[in-house]
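Given next are the chains, with one letter for each unit.
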Amino acid sequence: MKTFGQRGLVMLMGVAVVCIVATLVVVAANLAMPAGDGHKAVLPAAKQAPTQAELLFAGDIVFHPITYSPQYEVVVQPYDFSHMFARMADHLKAADFASITFETVCDPDMPYAGYPVFNTPEIAIPTLKKAGFDAFATASNHCLDGAGISSHDKTLRAMDRHHMDHFGTHLPDAPRTPYIKEVKGMKIACLNYAEMYNGNEAALSDADLARLSHLELAAVRRDIAKAKKSGADLIAVFPHWGIEYQTRPSEAQIALAHEIAAAGADLVIGSHPHVINPAEWVDNQGWKSFIAYSLGNAMSNQRAEFLGTIDTEIGCFLRVKVKKTATGTQITEASLLPSTVYVNHKDGGKKYEAGLIKDFLASNELTPDERAHMQRLQERAEAILAQTVGE
């Protein structure tokens, strides 16, 4: 057996110490190495297992009183919001994060009302949270309804009391930082802007105006940069925009959406028109963004018998699957799921229930006339979504 003398042993120990120090330096360098595209550094590929998440986005919830105060066009108790998304329970439960556009205010000091100036009982907030929604987008043309900025602030404070996340507009003492939610180890940034506020913004001070989120490209670019700097793995931008009842985006919307995607948005998810629009993938020099120009109504009483079109009876839930690996985060699936609001007259009641059209068609509860109508909705949804954007 070969043996080492005292001098040899010292030399061997010295080599070992050098090797250990060198190894620590390499590991430290790997951990400190900046990741691409503004994202935070990740562990070496061999030490980080891929993570996946499912996200679910809904369009506008339009709080017509009859949808929660049954059989009345004026708001009277009892208020019941529990049935609204009960049929979506499995889909919401399957999602790791779900959001919806909260198109109203909740001001107990003002009369509750519907169109054209909405004001909704606060109980809507915890009920929708219990249904499975994690956050509300608050920048919309109705966020200053009621008494204007005062009603707006009461609404956001009510959300805070019920521990409901919200993004888009801000309270006076809240920092103007991007909303970022950690979902299964991924940081999801949600940025929400409104194109209009129904003229109610004219009465606001400059300080209050700054708490709104106007849809301006410079502001969106600035917030996307902030989200990247904060380590966002995926950035979703929610513009409240467009022309009501138009099933195609305008050329201006298309151009703006492409600019937002080029600035770094992975998702652009529109609302406001109360009808669905087609969607598209956009290639941005190596990564792809998904643009859904309008998800339509998730809940409302905008029906064909009032508006002369079935288009307002059709919405879409957007299901997005995301995967994060050591090399980055990518969208692996983006699916538009056509939905509608079913008016359930069973048991002598009148409940407005949102659900996927395919789920209604797969059930045995529809009358022949209801089934025929549901089939028309499905065919119309497919026709709208099959449109090529920009043609």
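Attention in this report is confined to the structure presented alongside it. (Residues numbered from 1 in each chain as written. Predicted model: local features only at pLDDT ≥ 70, side-chain atom pairs only at ≥ 80, totals over all residues. Heavy atoms only, no water.)

Structural notes on the overall build of the protein chain
- Tallying secondary structure elements over the protein chain gives 10 helices and 14 strands in all.
- Summed over its atoms, the accessible surface of the protein chain is roughly 18200 Å², and 56% of this surface lies on carbon and sulfur atoms. (Helix = DSSP H or I, 4+ residues; strand = E, 2+ residues; numbered from the N terminus. Areas by Shrake-Rupley, 256 points an atom, 1.4 Å probe, with all protein chains shown as cover.)

Let's talk about helix α7 (residues 251-262)
- An ideal rise of 1.5 Å per residue puts 16 Å on 12 residues; α7 measures up with 17 Å between its terminal C-alpha atoms.
- Burial in α7 covers these residues: Q253, I254, A257, I260 and A261. The buried side chains of α7 occupy one side of the element, clustering within an arc of 125 degrees when seen end-on. Facing away from the buried side of α7 by over 90 degrees, the exposed positions are E251 and A252.
- On the buried face of α7, the contacting elements are α6 (217-229), β7 (234-240), β8 (267-269), β9 (279-284) and β10 (287-292).
- Positive phi appears at G264, one or two residues downstream of α7, with a value of about 125 degrees. (Expected span 1.5 Å × (residues − 1). Buried < 20%, exposed > 50% of the residue type's maximum accessible area, 1.4 Å probe, protein only. Arc of directions from axis to C-beta. Contact = heavy atoms within 4.5 Å.)

Section: the sheet that holds β10
- Taken in spatial order, the 6 strands line up as β5-β6-β7-β8-β10-β9 in an open sheet, and their pairing is mixed. Either end of the sheet is taken by a strand with one partner, and the two such strands are β5 (179-183) and β9. Pairs of neighbouring strands in the sheet enclose a mean axial angle of 20 degrees, with direction left out of account.
- Sheet topology note: the β8/β10 ladder contains 3 bridges and is parallel. Following the sheet pairing, L267 is matched in β10 by F290.
- Packing against the sheet, α6 makes contact with β5, β6 (186-194) and β7, and its axis sits at approximately 165 degrees to β6. (Pairing = 2+ DSSP bridges. Axes fitted to C-alpha atoms, helices over the stretch in contact; angles between N-to-C directions.)

Things to note about the packing of α6 against α7
- One can describe the packing of α6 onto α7 by two numbers: an axis separation of 10 Å at closest approach and a directional angle of 20 degrees. Comparing the axis directions of α6 and α7 gives the class roughly parallel. Considering the relative orientation of α6 and α7, their crossing is right-handed. Seen from α6, the contacting residues are L217, V220, R221 and I224; seen from α7, they are L256, E259 and I260.
- Residues belonging to the contact of α6 with α7 are distributed by class as follows: 5 nonpolar, no polar and 2 charged. (Parallel < 35°, antiparallel > 145°, perpendicular 65-115°, else oblique. Left-handed = near helix turned anticlockwise from the far one by under 90°. Nonpolar A, V, L, I, M, F, W, Y, C, P; charged D, E, K, R; others polar.)

A closer look at the pairing of β6
- Counting buried positions along β6 yields 8 of 9 residues, so the element is predominantly enclosed.
- As defined by bridge partners, β5 adjoins β6 across 5 bridges and the pair is classed as antiparallel. Pairing of K181 across the sheet is with I188, part of β6.
- Two strands pair when backbone bridges link them, and β6 and β7 are joined in this way by 7 bridges, in the parallel orientation. Bridging from a neighbouring strand, A189 pairs with I235 of β7.

Section: the pattern of salt bridges
- Going through the model one piece at a time under the given rule, you end up with 16 salt bridges.
- Its salt-bridge partner being E353, residue R87 comes within 2.6 Å of it at the nearest N-O pair. One end of the pair, R87, is in the loop between β1 (51-61) and α2 (89-94); the other, E353, is in strand β14 (residues 351-356), with 266 residues separating them in the sequence.
- Residue class for R87 comes out partly exposed when judged on its relative accessible area of 28%.
- E333 is paired through a salt bridge with R319; the nearest N and O atoms lie 3.3 Å apart. (Salt bridge = Lys/Arg side-chain N within 4 Å of Asp/Glu carboxyl O.)

Points about the pairing of β10
- Bridging between β9 and β10 involves 6 bridges; their strand directions are antiparallel. From the neighbouring strand, V282 faces β10, where its bridge partner is S289.
- Linking β9 back to β10 in an antiparallel pair, the connection comprises 2 residues, with Q285 at a positive phi of about 50 degrees.

Focus on unusual backbone geometry
- With omega at 10 degrees, the peptide bond leading from Y115 into P116 counts as cis.
- Its place among the elements puts P116 in the loop between β2 (97-102) and α3 (124-131).
- Not every positive phi belongs to a glycine, and Y245 is a case in point at roughly 70 degrees.
- Of note, Y245 is situated in the loop between β7 and α7.

Digging into the side chain of H272
- Topologically, H272 is positioned in the loop between β8 and β9.
- The exposure class of H272 is buried, given its relative accessible area of 5%.
- A distance of 3.4 Å separates a polar atom in the side chain of H272 from a polar atom in the side chain of N141.
- The contacts of H272, once residues within four sequence positions are left out, are D60, E103, N141, M196, H240, W241, G242 and E244. (Polar contact = N/O pair within 3.5 Å; in protein donor to acceptor, adjacent residues only side chain to side chain.)

What about the packing of aromatic side chains?
- Taken as a whole, this structure holds 13 aromatic pairs when the rule is applied.
- Relative to F81, the ring of Y68 lies with its centre 4.5 Å away and its plane at 20 degrees, an arrangement referred to as stacked. Of this pair, Y68 sits in the loop between β1 and α2 while F81 is found in the loop between β1 and α2, placing the two residues 13 residues apart along the sequence.
- Residue classification places Y68 among the buried residues on the basis of a relative accessible area of 0%. (Phe/Tyr/Trp six-rings, centres within 6.5 Å; stacked < 30°, edge-to-face > 60°.)

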